[in-house]
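One-letter residues, chain by chain:
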Amino acid sequence: MSRAVRIRGDEVGKMSRARRIRGDELETERGARAKKRSLAEVHSTSPRSPGQLAVRSSHSHPEILFAIFEPDEAQSGGRVRDVVESAMEESSDPPKPPPYEPYIPDELAADPAILAAFKHAEAKYEEEEVRLAHLFTMDHYWHKPSSCLRIDPRLLPIRELARDAVLLAAKSVILLSSFLENQPLNKCCGLWFQRDDQRKTALVLTSAHLTRKKDPNQWKGQWTGEYHHNAKVIVHLLDNTTTPGQLIYLQEHYEFAIYEVQVDKPVHLPTFNGRVHSGQDVFRLGRDANLDIKITHGNLAYDIPSRHERCHYMYFLRDASTLKLLHDDGGPIIDLEGKVVSLVNNQINETFVPSSILHKCLDFWRRFNCMPCLHLGMTFSPIKFLDPICIERMARKHNIDSGLIVEQVSKESHAEKIGIRKGDVIESFNGKHISTTIELESMLIDICWDHFDQEKKLNTEKDVSLKILDATKLCLRTRNLTAIVSDRGEDIVKGAYPITSEEANLMILDS
């Protein structure tokens, strides 16, 4: 099955599980609540076998092709490569004579004419050697390899698999540059994920940092950055040509952006893989200013987010000996089959959004032209990812071994008003137990989907039922939290107040 599948407008299927593999029609978990949509809308199917994918189309756009998303439960099959004929024409010209190095026979070493002829022949030979050394096939002699696949002996057991994976995925990785008033702003990598052969356009997914206000030293201390939506963006294609990129959508919460590009020939669409696990061998891909691919090996990890880090992040753990590379923001993270498991959305913190979330976001955008999220006014740490010593102590003393610990509560948020405080534990959302923030983010997207199915809009309220363990009083409470449906980034405001002269006077009197 080819990597890009032509979408046929009449293919409509049923989803076997409550998962949106390629669209917006659910037939199981929602059951009777799901509205039957017109065939003219975007449809979905679920994979029926490994390598078979859900297709999405509308009758008005039968020529649109999408990247393939493989769900978490899909089994990986072998990769079959098509034989691609060379685009070069065969030459009938006779081959050039091979360059032989000239030398002077001993018996003619004293002949001035022979010496002059030798110097002339030697100069021609050296000129030809220089020409051959600069052939594209010979540059590995003078270009020192920086790839971890070449220089790290620890990767020897997976070197061949990784090489094939990188070469496959690299076909979809491009470079983008942004400019503000003709001055360079940022550079990011990007990934093709959709193309329209009829309109000769393609969509590229990249990091929102491409147009973020240029001050990376402050990015770690900000929840939501400032973006130059009108910045000029240039897309560097792999044939060394450039073309403008038109901003279609920028998502502050997930920190990625979508650009539309005019293309003269089809682009390579990747395969996304929703199966990720902690410790998995992966590679980050990027491109430098020469469009050379850059490869960084590491492992996936779940972790406790620090302040100003979104709860849906996963983390890329680089090899300790690897230099930190700053040219792969917006590039993919791939597995050993060359499938995309995530997008690097923040190279400073080395965080990324896993493909399972990315898929739901793109699915939502195709259906509703936005990617909303619920602003809860809180951040969390999963008990599951704490040190086992801490988990055992909590279970032994308080009979708690799962849930989300509240780390921060935004000042004057509804969460604060209903009494949620730092250190409390959220045991369930809408009656469902959640053990990780990735699970929570997935559920929140589903809640937003229900919200939009009811023809409600952005920037409106949505109630969520929470079961809360009050860590101070050691009691359970159930509360309804009013969240905001928004596609903007959420800032968690730290509670602070100014000391007044009246308060200072009272302290003096009390002392």
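Named according to an unreviewed UniProt entry, the chain is PDZ domain-containing protein originating from Hordeum vulgare subsp. vulgare.

(A) Representation of the overall build of the chain. The secondary structure content of the chain amounts to nine helices and 22 strands. Looking at the chain residue by residue over its 511 residues, the buried ones come to 48%. Look at the contacts in the chain between residues 6 or more apart in sequence, and 65% of them connect residues 24 or more apart.

(B) The arrangement of the pairing of strand β18 (residues 404-409) in detail. Taking burial as the measure, the six residues of β18 include five buried ones, the bulk of the element. Here strand β17 (residues 378-382) pairs with β18 via five bridges, running antiparallel. Residue pairing in the sheet places Pro 382 in a bridge with Leu 404 of β18.

(C) Region of interest: the nonpolar core. Counting 78 residues, the largest nonpolar core has Leu 376, Met 378, Phe 380 and Phe 429 as the members making the most contacts within it. The element contributing the most residues to this core is helix α8 (residues 437-453), with nine residues. Setting aside residues no more than four positions away along its own chain, Leu 376 makes contact with Ala 415, Phe 429, Leu 440, Leu 444, Leu 481, Ala 483 and Glu 490.

(D) Spotlight on the pattern of salt bridges. Evaluation of the coordinates by the stated rule reveals 13 salt bridges. Asp 197 is paired through a salt bridge with Arg 195; the nearest N and O atoms lie 2.9 Å apart. Within this structure, Lys 96, Glu 128 and Arg 131 form a network of salt bridges that share partners.

(E) Molecular detail of the UniProt feature "domain: PDZ" (unreviewed entry) in the chain. Taking the UniProt record as the reference, the feature "domain: PDZ" (unreviewed entry) is found at residues 405-444. Each end of residues 405-444 is marked by a C-alpha atom, and these two atoms are 17 Å apart; helix forms 30% of the span and strand 30%.

(F) Region of interest: helix α6 (residues 388-398). Between the side-chain oxygen of the N-cap and the backbone nitrogen of Ile 389 there are 2.8 Å, and the N-cap of α6 in question is Asp 387. Where α6 terminates, the next one or two residues include Asn 399, which has phi positive at roughly 60°.

(G) Focus on the environment of Ala 169. Within the secondary structure, Ala 169 sits in helix α3 (residues 159-169). Looking at Ala 169, the relative accessible area reads 5%, which means it is buried. With 101 residues separating them in the primary sequence, Ala 169 and Pro 270 have C-alpha atoms 6.5 Å apart. Once you skip the residues sitting within four places of it in the chain, Ala 169 turns out to touch Leu 285, Ile 334 and Gly 338.

(H) A look at the side chain of Thr 436. Topologically, Thr 436 is positioned in the loop between β20 (432-433) and α8. For Thr 436, a relative accessible area of 5% corresponds to the buried category. Only 3.1 Å separates the side chain of Thr 436 from the backbone nitrogen of Glu 439, close enough to count as a polar contact. Setting aside anything within four residues of it in sequence, one finds Thr 436 in contact with Pro 382, Lys 384, Phe 385 and Leu 404.

(I) Structural view of the side chain of Glu 490. Looking at the element boundaries, Glu 490 is found in the loop between β22 (475-486) and α9 (501-510). Glu 490 gets classed as buried once you look at its relative accessible area, which sits at 12%. Engagement of the side chain of Glu 490 in a polar contact is seen with the backbone nitrogen of Leu 376, the distance being 3.5 Å. A distance of 2.7 Å separates a polar side-chain atom of Glu 490 from the backbone nitrogen of Gly 377.

(J) Looking closely at the environment of Phe 316. With respect to the helices, strands and loops of the structure, Phe 316 is situated in strand β12 (residues 314-318). Spatially, the C-alpha atom of Phe 316 lies 9.3 Å from that of Phe 283, the residues being 33 residues apart in sequence. The contacts of Phe 316, once residues within four sequence positions are left out, are Val 282, Arg 284, Thr 296, His 297, Gly 298, Asn 299, Ile 333, Glu 350 and Phe 352.

(K) Broad picture of the environment of Pro 382. By the element assignment, Pro 382 lies in strand β17. Owing to a relative accessible area of 0%, Pro 382 belongs among the buried residues under this scheme. In this structure, the C-alpha to C-alpha distance between Pro 382 and Tyr 302, residues 80 residues apart in sequence, is 9.7 Å. Setting aside residues up to four positions removed in sequence, Pro 382 forms contacts with Ile 304, Gly 403, Leu 404, Ser 435, Thr 436 and Thr 437.

(L) The arrangement of unusual backbone geometry in detail. Positive phi, close to 65°, is recorded for Asn 182, a residue that is not glycine. Locating Asn 182 in the fold gives a position in the loop between β3 (173-180) and β4 (183-196). One non-glycine residue, Asn 369, lies in the positive phi region at around 60°. Among the secondary structure elements, Asn 369 is positioned in the loop between α5 (355-368) and β16 (373-375). Judged by relative accessible area, which is 59%, Asn 369 ranks as exposed.

(M) Structural context of the packing of aromatic side chains. Tallying each qualifying case throughout the model produces nine aromatic pairs. Relative to Trp 365, the ring of Phe 193 has its centre 6.4 Å away and its plane inclined at 65°; by these criteria the two rings are edge-to-face. On the criterion of sequence distance, the pair formed by Phe 193 in strand β4 and Trp 365 in helix α5 is long-range, its members being 172 residues apart. Both residues of the pair, Phe 193 and Trp 365, belong to the buried class. With 5.0 Å between their ring centres and 75° between their planes, Phe 364 and Trp 449 make a pair best called edge-to-face. One end of the pair, Phe 364, is in helix α5; the other, Trp 449, is in helix α8, with 85 residues separating them in the sequence. For Phe 364, a relative accessible area of 1% translates into the label buried. Through a chain of ring-to-ring contacts, the aromatic side chains of Phe 364, Phe 368, Trp 449 and Phe 452 assemble into a single cluster. Above the face of the Phe 66 ring, Arg 366 is positioned so that its terminal group lies 4.2 Å from the ring centre.

Reading guide: rules and limits
- Residues numbered from 1 in each chain as written.
- Predicted model: local features only at pLDDT ≥ 70, side-chain atom pairs only at ≥ 80, totals over all residues.
- Heavy atoms only, no water.
- Helix = DSSP H or I, 4+ residues; strand = E, 2+ residues; numbered from the N terminus.
- Buried < 20%, exposed > 50% of the residue type's maximum accessible area, 1.4 Å probe, protein only.
- Contact = heavy atoms within 4.5 Å.
- Pairing = 2+ DSSP bridges.
- Core = buried A, V, L, I, M, F, W, Y, C linked by side-chain atoms within 4.5 Å.
- Salt bridge = Lys/Arg side-chain N within 4 Å of Asp/Glu carboxyl O.
- UniProt positions renumbered as here; feature names shortened; annotations may be inferred.
- Polar contact = N/O pair within 3.5 Å; in protein donor to acceptor, adjacent residues only side chain to side chain.
- Phe/Tyr/Trp six-rings, centres within 6.5 Å; stacked < 30°, edge-to-face > 60°.
- Lys NZ or Arg CZ within 6 Å of the ring centre and 35° of its normal.

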